[in-house]
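Topology and contacts: notes
Listed here are the chains, written in short residue letters.
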Amino acid sequence: MRRPLLLLLGLLLLQRGQCFEFVIDGEWEEESSHVRDHRERHKRAILTSEEQEDFEAVRGDDITVKSYKVESRITSRFAHTTVRSSVVNSGSKSQSIGFNVQIPKRAFITNFTMNVNGIIFVGSVKEKTVARNLYAQAKARGKAAGIVRANSQDMETFKTEVHVPPGSNIEFELHYQEMMHRKLGTYEHSLHLQPGRLVPQFQVDVYIYEPKGISTVQTVNSFGEEFTEIIKLTSTKDKAHISFKPTLQQQRKCPTCNDSAVDGIFTVQYDVTRDSNAGELQVSDGHFIQFFAPSNLSPLPKNIVFVIDISGSMWGVKMKQTVDAMQAILDDLTVDDHFSIIDFNHNVRCWNEDLVPGSSFQVADAKKYIQNIKPNGGTNINEALMRAVQMLVKGSNQGLIDPRSVSMIILVSDGDPTVGEIKLSTIQKNVKRVMREEFSLFSLGIGFDVDYDFLERIAMENRGVAQRIYANHDAAEQLRTFYSQVSSPLLRRIAIQFPDDTVTDVTQNRFDKYFSGSELVVAGKVLPSDTNTLTSFTTASAARLDITLETEGDFAELDKALAKQEHSFTGFARQMWAYITVKQLISERSLAPTAAKKRKITQRIMALSVEHQFVTPLTTLLVESEDGTERLLADSPRDQKHGCCTGIGMAGGASPSNMGPVHVVYQPPPWVQMTTTAPPSQAVKGNVELTLPGQVNLVDNDPHFIVHLPRENMDVCFNIDSTPGHVLNLVSDIGTGLVVNGQLVGAKQVHKSKLSTYFGSISVYYQPDGVGVTVDPNGIAMTDGQSNHSFTWGATADITQDGVRISIVKNSHVSVVVNDGIQVMVLLHRVWKKNPVSVDFLGVYIPNDNQYSPLVHGLIGQFSREPEVSVYDVHEGLDPLKQEATMEVKGNSLPVTRGWQKDYRRDKRRGSSVYCWFVHNSGKGFIDGHYTDYIVPNLNSFLPPL
C-alpha cells in the first residue's frame, strides 16, 4: 500500500514577522518487516474512517476565496497540472487557512509556492534525510503538525495550513506531473473540483497536444446536467482545449444558496490517431519516447485460474459483489479459453481439478458453484496460490495449453493470511519459486484490511499487476473493469530495441504481454548521431504470428512543432523519461533481494528525483522564502539550473550526472534471427526488406500485363479491359495450394471515352495452412481461418506465420513469401487525393523462378511453362516509333506492336521502361482461352479447369 504523503508544518508567529516551515514528504524509510507488518495492519484498520473526512479545496471560517484556477497541459500523454488559489482572511482574528488539493496517486508533485502578504515561499526538492532532521527539530519546539493525505479510489490529498493575521492575502500554487495511462482504449485525465464555497473567479483549462493527432476527445460531467452547457470543448486535428468557467451564480446550488454545486471529478477522456501498428516514436529535447498500442489483432487464447478468498471477512457485500462480477467475467470466456476456479478459506477447494474449455456448459456449471459459496473461516493464501500454479503446470505438461496462449492467475482477497504459511515474505518466495516464466499473477485487494504492498509485490514479481478494489456499491463494476483490461491479450514476448550506439538510459523495453486497449511506453536518451532519424525495432509474438515492426522518429521535427504551440509542455520528453525511470526504480526497489541492492536503487531514485524535481517516497519538497531570509536550511544553496541543491544525500558528494545511467538490457526473443555482429538496424532490416529477382512477370497500372520469356529473352505485354468488381485469377496452383487473385476498381470517372480499371485488392491464399493475405490501399489483412490481423502501410513490418512470411516496407510495397519458394510483391500507388480521375491502386510483381507445381495456371501462372514464341515480319507501323510484326504462339498468328510499358519497382512515379511486344484484344491467342475464363467468384477462389 502506498504510504500517504506527509506535510509537516511548523509555525511561529512573531510581532516582527512570520516564519513558515514546510516539509512535503513521501514515505519514511521502512521499519523491520515484523514491525512494519504490525503497524500497517493497525493503520489499515483505521483508514476506512479517515477517508470519510469531509474535503474542501480551501478551509477556514472567515475567509474569502478570490480565485481558484486549474490548468493542465498534456503533451504526448504527459500532463503538467497547476492549481492556483487566492484567498483573504476576511475575519477580525488571526486564523489557520488550509489549502487542499486532491491529486492522482500516480502523480509526482513538482513544486509548491505561497505568497503570504508579499512574502514569497518557493519549493525545491531535496534528499529525504533532511526531512527527518527538520521533523525532529520542529517537534522538539512543539511546532510540528503531521497531516496525512486521505485515500480515495484514484486520488490522494495534498494538505497545507498557514496561520495568518486578519486581512492577510495568501496565494497558493501547486504543480504536479503524471503520465496518462491508456486503459480500454482511452487516456483519462481527472481533476477533483470541490472548492467548498462560491468562488468569483473559478476556471479550469485543459490543453491537449498530440503530434500524431487526436482521434476522440470528450468530457465526463459529474457535477449535474446544469453544468453541461458550461463545459466548452474545441478541438482540431492535433489539439484540444477543454474549459470550465462557471459564474458565481452558476456555481450556486440554488438561486439563493450560498453553497457551491461544483462538487465532483472533472474528467477528460481522449485517444490519439495511430497510423500503424508499429507505434509512434517521438524525439524531443535529447530524449525519445516510443508508444506502442497495436490494434486489429486477434486475441490470444487464455488459461485462467480464478483464486477467490471466501474467508469469514468476505461475508456480506464483498462476497455478493465478487459473485456478481464473476457472473459477467465467466460469460466473457470463449471455447478457445481454458479456466478453473479455486476458492479458499482455511481450506482450499477446486471447482475442477483441471483446466477446462470455456464452453457454455462449463461456464454455467462454474456460475452455480460460485453462487453457492458461503464465506467462513480463515485465510490460507499460500496453499491456494500453490494449487493454482500446479493446475497451470499440469495443463502445460499435458499439452492442454496452447504454447502461444496466455496463462494467468487472478487472486481476489480481502485479508492477510491467517492459516498455513502466514509470513508474507515466505509466501512471496514460494510463489516465485514455482511460477513459470510464461505464467502471470494478478492480485485484486478488496477493501483496506488487506496488505496491498504484499499483493503488489507478489504481482509485480510474477509479471502481473495489482489493483485495489474499494468495497462499496460498485465493487463488482471495479472487478469487471479490471478483468476487461486483461481479458484480451494480443501479443506476447514484446521487445522494443534500438541500433547500437544510438540511445542510452533506456527504460524497460521488454514486456511479457500486451493487452488490447492499453499501451506500452519505452523512453530513453538519444546519443549524438550523423543521421536525422532514430529507428526502433519491435518484435512480438501474436496468435500464430511472429512480428517485427520498424518505426522512425525525426530528431528535429517535434521540437519545431512544440515551439509553435502556445500551450504545449515543451519539456515533456525529458520529464516523461525521468517519470517512467523513477516509477520503475521504485518497483525494482520493493523487490530488491539484498540491502546493498536496495541502497543502490535508492541512490538512483534520489538523484533523479532531485534533478527532475519530483516528490517521491524518498525525497522532500522544502518551502522557503524567495529572498533566502526565511530559509529552512542555511547550508543548502539553491541551484539555479535545477531549482534545488545538488549533491545532497549522495555518496561522496557526487552530482546526479555522475550517478551512472540506469541500464535495462534485454535480449530479443529466441525466434528473432539477429546476427551477433550487426546492430539491430542491419540485422532486422535485412529480414524486412526483400528484393525480387530481375526477371519478373508483372501487372501494373490499367492493368498492363508484362510477361517475361527467359528462353527468348523477350517481354510480351497485353491489357485486360474488364469491369470494376471483377476478380481476375493471376496464379492458381492446386498442386501447392496457392492462389493469387486481384479485384478491379474503376477510375472516378470516364476519361477520353474510357473508364480505366486498376487492381484495388490483391489476395494471396495458401490453402495448406489456411493463411490468406489481402492487400489494398488502406492496409494489409491476414487471416488463418481462426484469427484476423491487420496492418497499415504506415510502418515497415515483418510477419511470419507457419510457412507464410509477409514483409511490409512503409508506404511502398508488400512481399509475401510462401515456404521460401513462391514470392509475390504488391506495390502501392498513391495518387493525389483531389485527382478528378485516378484512384489509389496496386501493382503485382511475380518472379519467373517461383517453384510452382505442374498444375499451375492463371493469367500469369500459365507462363511458368514458357510457350514457343517466334516474331517475324518486323516492319514500321503507322506510328513510326512503334514497330509492327507477326507473333507465332500456341498455333496462333497474332499481329503485335512493339512499344513501351512500365516497371514501377525502382521508381514509383516515372517507372522504368520495358520494351515489349504488345498483344491486342486482351491477350487473345497469347493466353489460354479468353480473359473472361479467368474471372473467379472471390479473392480466395481457385481457377476451375479451362
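Keep in mind that this is a model prediction, so the values were computed, not measured.

**With respect to the nonpolar core**
Grouped together as the largest cluster of nonpolar side chains are 87 residues, with contacts concentrated most on Phe-288, Leu-491, Ile-494, Ile-799, Met-887 and Phe-926. Residues within four places of Phe-288 in sequence aside, it is in contact with Leu-281, Gln-282, Val-283, Phe-498, Val-503, Val-506, Val-522, Ala-523, Gly-524, Lys-525, Val-526 and Leu-534. Core analysis: the second largest hydrophobic core is formed by 54 residues, Ile-63, Ala-79, Phe-227 and Ile-231 among them.

**Structural notes on the environment of Asn-430**
Tracing the backbone shows Asn-430 in helix H7 (residues 424–434). Along the primary structure Asn-430 and Leu-385 are separated by 45 residues, whereas in three dimensions their C-alpha atoms are 9.2 Å apart. Contacts of Asn-430, omitting those with residues within four sequence positions, involve Asn-382, Met-386 and Glu-421. A polar side-chain atom of Asn-430 sits 3.0 Å from a polar atom in the side chain of Asn-382.

**Structural notes on empty space enclosed by the protein**
Tallied over the full model, the rule gives 10 cavities of 30 Å³ or more. Lining of the second largest cavity is provided by Phe-306, Thr-322, Ala-325, Met-326, Ile-329, Ile-410, Val-412, Leu-444, Leu-479, Phe-482 and Tyr-483. Secondary structure elements with two or more residues in the lining of the second largest cavity: helix H4 (317–331), strand S25 (406–413) and helix H9 (475–486). Here the lining of the second largest cavity takes 4 residues from H4, the largest share from any one element. When its residues are assigned to classes, the lining of the second largest cavity shows 10 nonpolar, 1 polar and no charged.

**Some remarks on the packing of H7 against helix H8 (residues 452–460)**
Two elements in contact, H7 and H8, have axes whose closest approach is 10 Å; the angle formed by their N-to-C orientations is 20°. Classed by the angle they form, the pair H7 and H8 counts as roughly parallel. Here H7 and H8 pass one another in a crossing that is right-handed. On H8, the residues that touch Leu-424, Ile-427, Gln-428 and Val-431 of H7 are Phe-454, Arg-457 and Ile-458. Considered class by class, the residues forming the contact of H7 with H8 number 5 nonpolar, 1 polar and 1 charged.

Procedures and definitions
- Residues numbered from 1 in each chain as written.
- Predicted model: local features only at pLDDT ≥ 70, side-chain atom pairs only at ≥ 80, totals over all residues.
- Heavy atoms only, no water.
- Core = buried A, V, L, I, M, F, W, Y, C linked by side-chain atoms within 4.5 Å.
- Buried < 20%, exposed > 50% of the residue type's maximum accessible area, 1.4 Å probe, protein only.
- Contact = heavy atoms within 4.5 Å.
- Helix = DSSP H or I, 4+ residues; strand = E, 2+ residues; numbered from the N terminus.
- Polar contact = N/O pair within 3.5 Å; in protein donor to acceptor, adjacent residues only side chain to side chain.
- 1 Å grid on protein atoms, 1.4 Å probe; cavity = no way out; pocket = protein on both sides within 12 Å on 5 of 7 lines; lining within 4 Å.
- Points joined across faces, edges and corners; volume = space filled by probe spheres on them.
- Nonpolar A, V, L, I, M, F, W, Y, C, P; charged D, E, K, R; others polar.
- Axes fitted to C-alpha atoms, helices over the stretch in contact; angles between N-to-C directions.
- Parallel < 35°, antiparallel > 145°, perpendicular 65-115°, else oblique.
- Left-handed = near helix turned anticlockwise from the far one by under 90°.

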